[in-house]
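# Overview (structure and organization)
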Amino acid sequence: MGGLRASSPSPSPSAAGSGPGAPRVAMACVVASEVAMVLAVMRRNVRWAGVRYGGDDGGADDEHLDHPLVAGLKALRRRAASWGSRPWGVVEPLLYLRPFLDVVRSDETGAPITGAALSSLQKILTLDLVGPATPGAAEAMGAVVDAVTGCRFEVTDPASEEAVLVRVLQVLLACVRGRAAHALANRHVCAIVSTCFRVVQQAGTKGELLQRVSRQTMQEVVRCIFARLPDVEVTVVADEQTVACKNQGLGVEEMGNGKSDYVCLNSSGDEVGGGYGVVQDKAMLEPFGVPCMVEILQFLCSLLNIAEDIEVNPRMNPIDYDEDVPLFALGLINSAIELSASSIHRHPKLLAFVQDELFRNLMHFGLSMSPLILSTVCSIVFTLFYHLRQELKLQLEAFFSCVILRLAQSRYGASYQQQEVALEALVDFCRQKEFMAEMYANMDCDLQCSNIFEDLANLLSKSAFPVNSPLSALNVLALDGLVAVIQAIAERTDNAPQHHEKIVPDISEYFPFWQLKCENNNDPDQWVKFVHQQKNIKRKLTVGVEHFNRDKKKGFEYLQGVHLLPEKLDPHSVALFFRYTPGLDKNLLGDYLGNHDDFSIQVLHEFARTFDFKEMNLDAALRLFLETFRLPGESQKIQRILEAFSERYYEQSPQMFVNRDAALVLSYSVIMLNTDQHNVRVKKKMTEEDFIRNNRRINGGNDLPREYLSELYYSICRNEIRTIPEQGAGCSEMSFSRWVDLMWKSKRTSTYIACDSCPFLDHEMFPIMAGPTVAAISVIFDNVEHEEVLTVCIDGFLSVAKLAAFYHLDDVLNDLVVALCKFTTLLSSSYNDDPVIAFGEDTKARMATEAVFTIATTYGDHIRSGWRNIVDCIIRLHKVGLLPGRLTGDTTDDQESSSDSLPSKFASSSAAAPQVLPIITPKKSYGLMGRFSQLLYLDAEEPRSQPTEEQLAAQKNASETVKKCQIGTIFTESKFLQADSLSNLARALIQAAGRPQKITSSLDDEGTSVFCLELLITVTLNNRDRIVLLWQGVYEHITHIVQSTVMPCNLVEKAVFGLLHICQRLLPYKENLVDDLLRSLQLILKLDARVADAYCENITLEVTRLVKANATHIKSQMGWRTIISLLCITARHPDASDAGFEALVFIMSEGAHLSPANFILSVEASRQFAESRLGSAERSIHALNLMADSVNCLTRWSREVKEAGGEADRILEGIAEMWLRLVQALRKVCTDQREEVRNHALLSLHRCLVIDGISVSSSAWLMSFDIIFQLLDELLEIAQSYSPKDFRNMEVSLLHAVKLLCKVFLQSLKDLSAQGSFDKLWLEVLDMIEKFMKVKVRGRRTEKLQEAIPELVKNILLVMKASGVLSKTSTDGNSLWEATWLQVNKIAPSLQSEVFPDKEGNDNTAQGEEKKLDTPAQSDHNAEQ
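So, here is what we can say about the structure in this document. What you see is a predicted model, and the numbers here were worked out from it, not measured in a lab.

## Focus: the overall build of the chain
- Within the chain, the regular secondary structure consists of 59 helices and 6 strands.
- Here the chain holds 1425 residues, and 53% of them are scored as buried.
- Look at the contacts in the chain between residues 6 or more apart in sequence, and 77% of them connect residues 24 or more apart.
- Approximately 63700 Å² of the chain is accessible, and the part contributed by carbon and sulfur atoms is 49%.

Here it is, written out as structure tokens:
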């Protein structure tokens, strides 16, 4: 057969040789072989062996001649041999097909012969010998179809009959499958389908094999026919040709073959395309195209309709016919639609049929009780949606509202199987990523459509809830649909940036918005704006409907206020509102339309004009009209309503009635008949004759056709006209009148909007279904244990979280977090002995935990109140030992300190612990009672048993889950959180830590508080740029810890050092918060004495580190006061003083960090360290040097102020004040008990007092002398009153002191000599010198003082003489001269003659003495150094 398939030889005559001639010889052989086979079968019957034909005279020359059928076959055999010289392609097919066709058509042949002929035909057609270009191909294919469909044969046995029927089917299938199928006419294609169906019918009484083969073959025939639609050219079909004629119903007698001895496949009443007019016959004669496909679909739809009224023959197939025939027809329709749906929109006639009749039948059978039929209907609709949804907008709305929404809910009486099939179909739709978006755009945002998106979303969420029963397949199905929708919305957020929609302005004035259309559905900017505008109008209309249903007047006022009705109501706008607005109370609407006032009557007539009654019977039109409102009971109102209806009906259907009165009378009669037939109180029903008699001569004095009235009568009897229509628009059955109205609306509705992968409408869609979705998924997650379903739930949760974050729906995200945290089981107290093992064995809990922390780390920006639940989960994991010892690691990238440089206690508490702690971690006990209880029960502990493999696996699962959660990143990456989220996170940590009490009763609570505090500090350090958001709460929390703690503990340690760490890290970056941060360190000063003593050393180390790192950032006096106060405390602490002094040296050394803000504080701190006996004398001397060197800063500042100019007096006064404070501080150290410290202090004081460069006023000098006099008095008292063992070598100190006095006096002489108080000061100096001259140390005067004092006084006198301060010419009444010498003579009587010798040598002596003035001073200074 493979070689014989080359059935299209070259037509070239020269190809008669071996090349192209081979196929021709082969085909000739095939024909000869088939003829021989048929003849052989015929010869098996003696009647075909030969036929005697006599001459006219009946003589002896009679001869045996062949039967015409045999003769034809033999002639073909001879002719086929002669065709070898011609190309086979030019041979007319009828020449070699006709003999076989004659055998098939003959009623003389039996089943075996007919079967052999059909087999030969199938072989020739299968070889594709007849091509579309073959001469006479159309006639040949037509002849084959006619012969096979008219096949007649004598039945000899059932088996041979079934074999012939199978051959018939095979030949017909070869006709539509071969290359020559295009040559078939439309009527031939229809005949093929009709014949196949008749075989299917006859197979009902035959064997199972024939039944299956016949149905399968018919499926293949339909597939082959409709698979050619994409290749069919588009033709413009005239309107009159699109009118389809009704098929004649198949009678019961045609369904079986009966018991006839002959079988004839031809029939007059059940052919596809039978009974057409002239125009339709003309279309049927055209080549294979759209008309035959329309007729086939119409025939298949007719099978659906016939199946309802047919009676099942008891001898037929035992398969239930009520399900079998519709299911078979729907299967054929499904096959046709699957192969042709993508091309149907190109053919208006086919599209119109699909839109109307096909979809109406699908709607009807969609409510079938059979799950198989419903499933097939849903498959067909799904295919139509996929390919033709832009042409089936209202049809799809009707399918979802009247079929899916009705069957998927048990409250409408649907069986479980129906619900399951409907939900499966809905889930298939939901898996189309743009399905829900398109439903929202085209249905929910269309004024005349119901809210399909909302209804479907609610259906899925409600169906997911198990109602008083375990979880069922329906619940899981609904879950799949919900998750598919949510994931589709979530995926669209990644495909493109969110559409920047323009705000749709409110309607400022009324306009005919019912006719509003989108200019360009392909431009998102236009259709998105249009959709939003429509949705906005629809929302307002819904509110208006609610007002109208309560009070018509208020409803109109509201609609006028929002400009959906004109300020001055007109009948047309009100009629449009009544006609197209869903949800109106139909009782109120009927009463309004029946009112007698002029405006209501005008509205009624305008309302009637909105209906299209063309080509509708009166009863159908009346049904449609009365479905929109409830017919009132008052006769006058009924009269007015029916008058308006009759007027409109007569306008559009004038061919039946002569005037509108006839339509009115008949309408009344129909209403009366409807009441009579369907009112249970009416016992005697109206007959057909009564109805006809009641309507005589109503048509302008003439009778209406009896057939017309009879049809009306039976239509009303079968189907009641509901004068009380259903309220609302959803989930009601689709009546014929409603379908007619739907088709009318479909021609006027806005075009279907195809959504792409951009999230144009998701911002409006997601909030509608977010809450119900979370609730539904949560219920399923709580009630299921299957891991696959749990995974679907988790995917849904994560998609909801992604969308909630993307659209900033923080409430949705927080509710989701709260729900998930419950599923982690971490918030419950059910775990007792082995919480880790229980957690590791609970797959659901681990999946929920991963989901919670995935949301926290990914979408933490939008978590608010949910942080508290997340923190509680983290605390639980910490308590059971599943968190690493150091959860957050390093806080920031620029961390300057390592664990090695931390204080010992702080470093040890922060050291990294093993990643997975032991399952049962012994808790650390604080205090005497805690340690005693540990010792008491130490021996009572039972030895631990080794964990089993299952327990080890559970522990591993638990630890791996926690590791995947990456909990630490929540805190280390908190710098990326939004401000509100960050504040809520910090607040949650503070709340979880709780408020510590004076006496802590639970060590576990303290561990939780410490853990939360560590996390809080980590968050604070990672958000230095936003510390303002956190600082107040963090500071208050640490304050409460510090004030509530009376004993050293881990919590206060973390609080104190955390506070220091925060200050250390944030000071360089927050200049505006430096004072607040440093002020917070005052908390350390408020620590309980026991607590402060325990951590003093480490605190000092931290303060030292802070000072070294941030000294340049501390500007205010308050800040320095806090720092230096902490350092001063360390001067009295044996362990902390060295570290504190190190920080002070850093501040004061070379004046690097001294400033007017910290000068006095630093000097005072140095004094305390100098006086401290905790350190060595060398440290005290170092402190004194720091104080003495600090005077250089004063001189530098003075110089800088003078160079800057301006108003410098106030600043210089401040510098002088600091100088006095420095002098005062040094004075206090000058009385130190230690000799070297005391003497060095005196020398340092000397340096500070005689320094140049500081502008010291006269008053300041006087104050400095008060300080010096006080110091000298104290030294004299010490020398005379204290034991030499306590104050050794006081004579040296006294000598330094008296020299200090003299030097300072000389330094200030120039400034003070002009002051009125100079004389008093000078005499006080001399008096103090006299005291030192007379002082006795250890009972005797010291030689050093006796030698040094006269020389010092002499120097002073010489300087005073040289400067003219002291002279004999003084004219003062209390002469300074006399008083001076009176005092000096008490000290050294010989000084006057030495200072003031003879008069003539005064000048030279004065100059000489001036030179001597510096020499002793400088020598003394060098000696002192």
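## Some remarks on helix α5 (residues 137-149)
- Taking 1.5 Å of rise per residue, the 13 residues of α5 would be expected to cover 18 Å, and the 18 Å separating its terminal C-alpha atoms lies within 8% of that figure.
- With respect to burial, α5 is a largely interior element, 10 of its 13 residues being buried.
- Restricting attention to buried positions, one finds in α5 the residues Ala 137, Ala 140, Met 141, Gly 142, Ala 143, Val 144, Val 145, Ala 147, Val 148 and Thr 149.

## Overview of the pattern of salt bridges
- Evaluation of the coordinates by the stated rule reveals 41 salt bridges.
- Glu 220 serves as the salt-bridge partner of Arg 223, at 3.0 Å between the closest nitrogen and oxygen. Placement of the pair is Arg 223 and Glu 220 together in helix α8 (residues 208-227), with a separation of 3 residues, close to one helical turn.
- The partly exposed category is assigned to Glu 220, whose relative accessible area is 22%.
- A salt bridge links Asp 1138 to Arg 1179, with the shortest nitrogen-to-oxygen separation between them at 3.0 Å.

## Things to note about the packing of aromatic side chains
- Enumeration over the complete set of coordinates arrives at 45 aromatic pairs.
- Seen from their ring centres, Phe 385 and Phe 435 are 5.4 Å apart, and the 80° between their planes marks the pair as edge-to-face. Separated by 50 residues along the polypeptide, Phe 385 in helix α13 (residues 371-388) and Phe 435 in helix α16 (residues 435-444) bring together distant segments of the chain.
- The class for Phe 385 is buried, based on a relative accessible area of 1%.
- Here a set of aromatic residues connected by ring pairs shows up, and it is made of Phe 607, Phe 611, Phe 613, Phe 625, Phe 629, Phe 645, Tyr 649 and Phe 657.
- In this structure, Lys 844 packs its charged tip against the face of Phe 781, placed 6.0 Å from the ring centre.

## Some words on the nonpolar core
- Counting 393 residues, the largest nonpolar core has Ile 870, Ile 874 and Ile 967 as its most contacted members.
- The residues touching Ile 967, leaving out its near neighbours within four places in the chain, are Phe 853, Ile 874, Leu 877, Leu 883, Leu 887 and Val 962.
- Membership of the second largest hydrophobic core comes to 66 residues, among which are Phe 548, Leu 564, Leu 576 and Ala 621.

## Observations regarding helix α4 (residues 111-126)
- Compared with the 22 Å implied by 1.5 Å per residue over 16 residues, the 22 Å span of α4 between its first and last C-alpha is a close match.
- Of the positions making up α4, those classed as buried are Ala 111, Ile 113, Thr 114, Gly 115, Ala 116, Ala 117, Leu 118, Ser 119, Ser 120, Leu 121, Ile 124 and Leu 125.
- Asp 128 lies just past α4 and shows a positive phi near 55°.

## What to know about the environment of Gln 219
- Following the sequence through the fold, Gln 219 ends up in helix α8.
- When its relative accessible area of 14% is taken as the criterion, Gln 219 is described as buried.
- In this structure Gln 219 touches Gly 331, Leu 332 and Ser 335, once residues within four positions along its chain are discounted.

## Details of the environment of Asp 1138
- Among the structural elements, Asp 1138 can be located in helix α48 (residues 1137-1148).
- Asp 1138 sits 41 residues away from Glu 1097 along the chain, and the two C-alpha atoms are 9.2 Å apart.

## Examining the state of the cysteines
- Enumeration according to the criterion identifies 0 disulfides in this entry.
- No disulfide involves Cys 196; its sulfur sits 9.8 Å from that of Cys 175, the nearest cysteine.
- Since its relative accessible area comes to 0%, Cys 196 is described here as buried.
- Looking at the unpaired Cys 873, the closest cysteine sulfur is the one in Cys 821, lying at 3.9 Å.

Definitions and cut-offs
- Residues numbered from 1 in each chain as written.
- Predicted model: local features only at pLDDT ≥ 70, side-chain atom pairs only at ≥ 80, totals over all residues.
- Heavy atoms only, no water.
- Helix = DSSP H or I, 4+ residues; strand = E, 2+ residues; numbered from the N terminus.
- Buried < 20%, exposed > 50% of the residue type's maximum accessible area, 1.4 Å probe, protein only.
- Contact = heavy atoms within 4.5 Å.
- Areas by Shrake-Rupley, 256 points an atom, 1.4 Å probe, with all protein chains shown as cover.
- Expected span 1.5 Å × (residues − 1).
- Salt bridge = Lys/Arg side-chain N within 4 Å of Asp/Glu carboxyl O.
- Phe/Tyr/Trp six-rings, centres within 6.5 Å; stacked < 30°, edge-to-face > 60°.
- Lys NZ or Arg CZ within 6 Å of the ring centre and 35° of its normal.
- Core = buried A, V, L, I, M, F, W, Y, C linked by side-chain atoms within 4.5 Å.
- Disulfide = S-S within 2.5 Å.

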